[in-house]
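Chain by chain, the residues:
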Amino acid sequence: MATTRIGTHIHASRAEVYRLLLDADAVKEWMVPDGLTSEVHRFEPEVGGSFSITLIYDEGTSLQHDAYYGRFLELIPDRKAVEVIEFVTEMPDMTGSQTVTITLADEDGGTHLEVLHEGVPSGLSLADNETTWRMALRKLTALAERGTVD
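In short, a report on the structure. (Residues numbered from 1 in each chain as written. Predicted model: local features only at pLDDT ≥ 70, side-chain atom pairs only at ≥ 80, totals over all residues. Heavy atoms only, no water.)

### A closer look at the environment of S50
Along the chain, S50 turns up in strand β3 (residues 50–57). Along the backbone, S50 and L20 are 30 residues apart, and their C-alpha atoms lie at a distance of 17 Å. In contact with S50, not counting residues within four places along its chain, are R42, F43, E44, G70 and R71. Reaching out from S50, the side chain makes a polar contact with the side chain of R42 at a distance of 2.7 Å. (Helix = DSSP H or I, 4+ residues; strand = E, 2+ residues; numbered from the N terminus. Contact = heavy atoms within 4.5 Å. Polar contact = N/O pair within 3.5 Å; in protein donor to acceptor, adjacent residues only side chain to side chain.)

Here's what the structure looks like:
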């Protein structure tokens, strides 16, 4: 299992960014790689609360969907969100729990967001994990700054 760390600056308050981390409708929009859409089946943004999300591939690919589920371990308003996630898969090299820690700090009139992803399964390359998260953070930034991911 490996680790990735990705940071970005968002021209929005920590409160706004934190709100978007814990809003199911917002998560459906931003926490999805390009070329996919998502469906949030369950989303309980409280410590111990769980979530379940399916990622649906656009037409033109042989893959149909991916899914993951998890729970919230720690939530510190406007500062930190810690989740444990697991992929729904039959591929042994993609199994196991992963911890995603998102921290928020004031920076240059906005927010510095950092994602620490621990326990990346061996079946997911670190480059692919980083690329996927960069796509998601680009959408989160757009949503926080402009109110839309487009």
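More follows now that the structure is in view.
### Focus: the layout of surface pockets
Quantified by volume, the largest pocket comes out at close to 740 Å³. Lining the largest pocket are 27 residues, with L55, D66, F87, M94 and L124 sitting closest to its centre. Elements that contribute at least two residues to the lining of the largest pocket include exactly β3, β4 (65–76), β5 (80–87), β6 (98–107) and α3 (126–146). Looking at the lining of the largest pocket residue by residue, the classes come out as 17 nonpolar, seven polar and three charged. (1 Å grid on protein atoms, 1.4 Å probe; cavity = no way out; pocket = protein on both sides within 12 Å on 5 of 7 lines; lining within 4 Å. Points joined across faces, edges and corners; volume = space filled by probe spheres on them. Nonpolar A, V, L, I, M, F, W, Y, C, P; charged D, E, K, R; others polar.)

### Re the pattern of salt bridges
Within this structure, the stated rule accounts for seven salt bridges. R138 is the salt-bridge partner of D34, the closest N and O atoms lying 2.7 Å from each other. Here the residue D34 occupies a position in the loop between α2 (24–30) and β2 (36–43), and R138 occupies one in helix α3, the gap between them amounting to 104 residues. With relative accessibility at 37%, the residue D34 sits in the partly exposed group. With a closest N to O distance of 3.5 Å, E74 and K80 form a salt bridge. Judged by relative accessible area, E74 falls into the partly exposed class, the value being 30%. A residue is classified by how much of its surface remains accessible, and K80, at 23% relative accessible area, is partly exposed. A network of salt bridges, in which partner residues are shared, links D34, R138 and K139. (Salt bridge = Lys/Arg side-chain N within 4 Å of Asp/Glu carboxyl O. Buried < 20%, exposed > 50% of the residue type's maximum accessible area, 1.4 Å probe, protein only.)

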